[in-house]
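For reference, the chains in residue letters:
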Amino acid sequence: MEKKLKVYADRMSQPSRAVLIFCRLNGIDFEEIKIDTSKRHQLSPEYTVGHPLNPKAASEAEKILLSSLSILEKIWLNGDGRFLLGGFQPSIADLSLVCELIQLEVLDEKDRNRILSPYKKVVQWIEDTRAATNPHFEQVHNILYRVKKKLQQQRSRDAEAGTETRNKMGRHSKM
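As a starting point, this report considers the structure included with it. (Residues numbered from 1 in each chain as written. Predicted model: local features only at pLDDT ≥ 70, side-chain atom pairs only at ≥ 80, totals over all residues. Heavy atoms only, no water.)

### Description of the overall build of the protein chain
Threshold: Put simply, DSSP H or I for four residues or longer makes a helix, DSSP E for two residues or longer makes a strand, and each gets a number counted from the N terminus. Remark: exposure states derive from per-residue accessible area (1.4 Å probe, protein chains only) relative to the maximum for the residue type, with buried under 20%, exposed over 50%, and partly exposed in between. Each accessible area is a Shrake-Rupley estimate made with a 1.4 Å probe; only the visible protein chains count as cover when residues are assessed.
Tallying secondary structure elements over the protein chain gives six helices and two strands in all. Secondary structure elements of the protein chain, listed N to C terminal, follow the sequence β-α-β-α-α-α-α-α. Sorting the 175 residues of the protein chain into buried and exposed places 29% on the buried side. Summed over all atoms, the accessible surface of the protein chain reaches about 12,200 Å², with 56% contributed by carbon and sulfur.

Following this line, the structure appears as structure tokens:
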């Protein structure tokens, strides 16, 4: 008797989402075992958490991302097809990479556009991959879209609070 494939996945994880889409798209029978890293399901002594923000490392990482997007556009998205290496249907490589890049959805819209807008082929490839794999793509990324909405709401609240603080500080007493 064959055992059913078990896929341990946190839908906040890009590779997890790619594997889920791939299995569904290809009719692979599997059981999804949901892992929630936000509830520390993955923690064990070998994990290190709580590193302070390093602006220099963030800047270097963005340079690497932009270089990678350029290479993706110039090399990997050449050919007759709409997918990597000129393919006519998305492969696991397309799904894995698009799930990495879709993480940019949680950025502020201005930052996301600043990063992606120079790469028209990349943006089109993301949309082509989304369209070719729906409804599965949207289903497994739903958690990411919910996080995006929460972050947008938080940014709005923070902006409103900042405006209120600046307005109060800008008022002078007439005494």
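The rest of the description comes next.
### Here's the deal with the pattern of salt bridges
If charged atoms from side chains of opposite charge come close, those side chains can pair. Formally: Salt bridge, as applied in this entry: a Lys or Arg side-chain nitrogen positioned within 4 Å of an Asp or Glu carboxyl oxygen.
Under the criterion given, the structure shown has eleven salt bridges. Here K4 ties to D29 by a salt bridge, and the two come within 3.6 Å at their closest N and O atoms. Here K4, found in the segment before β1 (5-9), pairs with D29, found in the loop between α1 (14-25) and β2 (30-34); they are 25 residues apart in sequence, far enough to count as distant. Accessibility expressed as a relative area gives 43% for K4, which makes it partly exposed. The exposure class assigned to D29 is exposed, which follows from its relative accessible area of 55%. The salt bridge involving E32 is made with R11; its shortest N-O contact spans 2.8 Å. With E32 in strand β2 and R11 in the loop between β1 and α1, this pair connects stretches of sequence that are 21 residues apart. Taken individually, E32 and R11 each receive the classification buried, so the pair is uniform in this respect.

### Concerning α1
Which entries qualify depends on this criterion: Helix span, as expected, comes to 1.5 Å for every residue beyond the first.
Compared with the 16 Å implied by 1.5 Å per residue over twelve residues, the 16 Å span of α1 between its first and last C-alpha is a close match. For α1, every residue scored as buried is listed here: Q14, S16, R17, A18, L20, I21 and C23.

### Focus: helix α2 (residues 55-76)
What counts here: Any pair of N or O atoms that falls within 3.5 Å is considered a polar contact. Within protein, one atom must be able to donate a hydrogen and the other to accept it, and sequence-neighbouring residues count only if both atoms are side-chain atoms.
Compared with an ideal rise of 1.5 Å per residue, which puts 22 residues at 32 Å, α2 spans 30 Å between its outermost C-alpha atoms and is within 8% of the ideal. Among the residues of α2, the N-terminal cap falls to N54, whose side-chain oxygen and the backbone nitrogen of K56 are separated by 3.1 Å.

### Observations concerning the pairing of β2
Stated formally: Paired strands, in this sense, are two strands between which DSSP finds at least two bridges. Seen with the strands pointing away from the viewer, any crossover whose path from the first strand over the helix to the second strand runs clockwise is right-handed.
As defined by bridge partners, β1 adjoins β2 across five bridges and the pair is classed as parallel. For V7, the partnering residue across the bridge sits in β2 and is E32. Viewed along the sheet, the connection from β1 through α1 into β2 turns out right-handed.

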